[in-house]
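Read off the chains here:
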Amino acid sequence: MRNFNQQSSSQDNKEIRNYVKLMQENRINTIVEMNKYISRNKMWNDFSAIRRENTYQSGFTSIGISKDAYKSICELYQTEDSITTFLIGQKRI
């Protein structure tokens, strides 16, 4: 894995590494699918530092990860995500 945003807190960094590790172990290729996996398995408490309620330009709201965590995960792991709508708001939950 490559280095990533060193300005993140150590807890954020730990959770980001664990998130990527789970993606690799489960052969999950997108952050969207990983977020669904975490929701299905009730694992969001394991990612409380990077967990956010995200609202998109389309009006869709979902539990996901912070914008900074998203960037770091994309740097660490070659995801297959494609952005189809813009993030307009985040709320720590």
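From N to C terminus, the protein chain includes three helices and three strands. Moving toward the C terminus, one meets the helices and strands of the protein chain in the order α-α-β-β-α-β. For the protein chain, the C-alpha radius of gyration of 12 Å lies close to 12 Å, the compact-globule estimate for 93 residues. Each principal axis of the C-alpha distribution contributes one length, and for the protein chain these read about 35 × 30 × 25 Å. Taken over 93 residues, the protein chain has a buried fraction of 37%. On the protein chain, roughly 6,000 Å² of surface is accessible, and the fraction owed to carbon and sulfur atoms is 46%. Positive and negative side-chain charges of the protein chain, numbering 14 and 10 respectively, have mean locations separated by a distance of 2 Å.

This paragraph deals with the pattern of salt bridges. Counting across every chain of the model gives three salt bridges. Between Glu33 and Lys36 there is a salt bridge, with its nearest N and O atoms 3.5 Å apart. On the criterion of helical spacing, the pair formed by Glu33 and Lys36 is a turn pair, its members being three residues apart in helix α2 (residues 31–40). On the accessibility criterion, Lys36 (43% relative accessible area) is partly exposed. Two residues, Glu53 and Lys91, come together in a salt bridge whose shortest N-O distance is 3.5 Å.

Here strand β1 (residues 51–56) runs beside strand β2 (residues 61–65); their pairing, made up of five bridges, is antiparallel. Bridge pairing links Glu53 to Ile63 in β2. With antiparallel pairing between neighbouring strands as the criterion, β1 and β2 make up a hairpin whose turn holds four residues, including Gly59 at a positive phi of roughly 95°.

Conventions used here
Residues numbered from 1 in each chain as written. Predicted model: local features only at pLDDT ≥ 70, side-chain atom pairs only at ≥ 80, totals over all residues. Heavy atoms only, no water. Helix = DSSP H or I, 4+ residues; strand = E, 2+ residues; numbered from the N terminus. Rg over C-alpha atoms; globule rule 2.2 N^0.38 Å. Buried < 20%, exposed > 50% of the residue type's maximum accessible area, 1.4 Å probe, protein only. Areas by Shrake-Rupley, 256 points an atom, 1.4 Å probe, with all protein chains shown as cover. Lys, Arg positive; Asp, Glu negative; His and termini not counted. Charge placed at Lys NZ, Arg CZ, Asp CG, Glu CD. Salt bridge = Lys/Arg side-chain N within 4 Å of Asp/Glu carboxyl O. Pairing = 2+ DSSP bridges.

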